[in-house]
Amino acid sequence: MICELSTHEIGLGFEAMRELRTQLTNETEYLDRVTTQMAEGYRQVASFDEERVVAIAGFRRVRNLAWGNYLYIDDLSTLPDARGRGHASGLVRWIKAEAMRMEVDEIHLDSGVQES
């Protein structure tokens, strides 16, 4: 199941987000940061395996001269035991459908390599 998280549900995604954002060690700080970002237009969508969030994406709408009106995916993370099962691609499909609904021109996602 994939659904957008409300401000009351963002704690459900903490474990999955920590896989990408390893500097986040305090859930209270995480909740504060995400709540602040949500007030500025940041949104989170999560993929669930039963009642547990196993993958999460954070994105926002951006407008600039270079790319026009687009969605930027800030965060895309999956728990190790859920990788390879289509959760991340499901989140990207959800965001793509949302971009079409919002009539934005493009979706952007930057990727990097992390060493363990």
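Residues numbered from 1 in each chain as written. Predicted model: local features only at pLDDT ≥ 70, side-chain atom pairs only at ≥ 80, totals over all residues. Heavy atoms only, no water.

Caption draft 1: Representation of the confidence of the model for the protein chain in the model. Mean pLDDT over the protein chain stands at 94; residues scoring 70 or higher make up 96%. Of all helices and strands in the protein chain, the one with the weakest mean pLDDT is strand 5 (residues 106-109) (94), whereas strand 1 (residues 2-5) scores best (98). (pLDDT = per-residue confidence, 0-100. Helix = DSSP H or I, 4+ residues; strand = E, 2+ residues; numbered from the N terminus.)

Caption draft 2: Geometry of the pattern of salt bridges. This model, assessed by the stated rule, comprises 9 salt bridges. R83 is the salt-bridge partner of E19, the closest N and O atoms lying 3.8 Å from each other. Here R83 lies in the loop between strand 4 (68-78) and helix 3 (87-102) and E19 lies in helix 1 (residues 14-20), a separation of 64 residues in the sequence. E19 gets classed as partly exposed once you look at its relative accessible area, which sits at 31%. Classification of R83 by relative accessible area gives partly exposed; the value is 48%. A salt bridge links D74 to R60, with the nearest nitrogen and oxygen atoms 2.8 Å apart. Residue D74 is located in strand 4, and its partner R60 is located in strand 3 (residues 52-64); the two are separated by 14 residues in the primary sequence. Judged by its relative accessible area of 22%, D74 falls in the partly exposed class. (Salt bridge = Lys/Arg side-chain N within 4 Å of Asp/Glu carboxyl O. Buried < 20%, exposed > 50% of the residue type's maximum accessible area, 1.4 Å probe, protein only.)

Caption draft 3: Quick look at the pairing of strand 4. Here strand 4 lies mainly inside the structure; 8 of its 11 residues are buried. The pairing of strand 3 with strand 4 spans 10 bridges and is antiparallel. The partner of R61 across the bridge, within strand 4, is L71. In sequence, strand 3 turns back onto strand 4 through a hairpin of 3 residues. Pairing geometry for strand 4 and strand 5, over 4 bridges, is parallel. The residue bridging Y72 from the neighbouring strand is H108, located in strand 5. (Pairing = 2+ DSSP bridges.)

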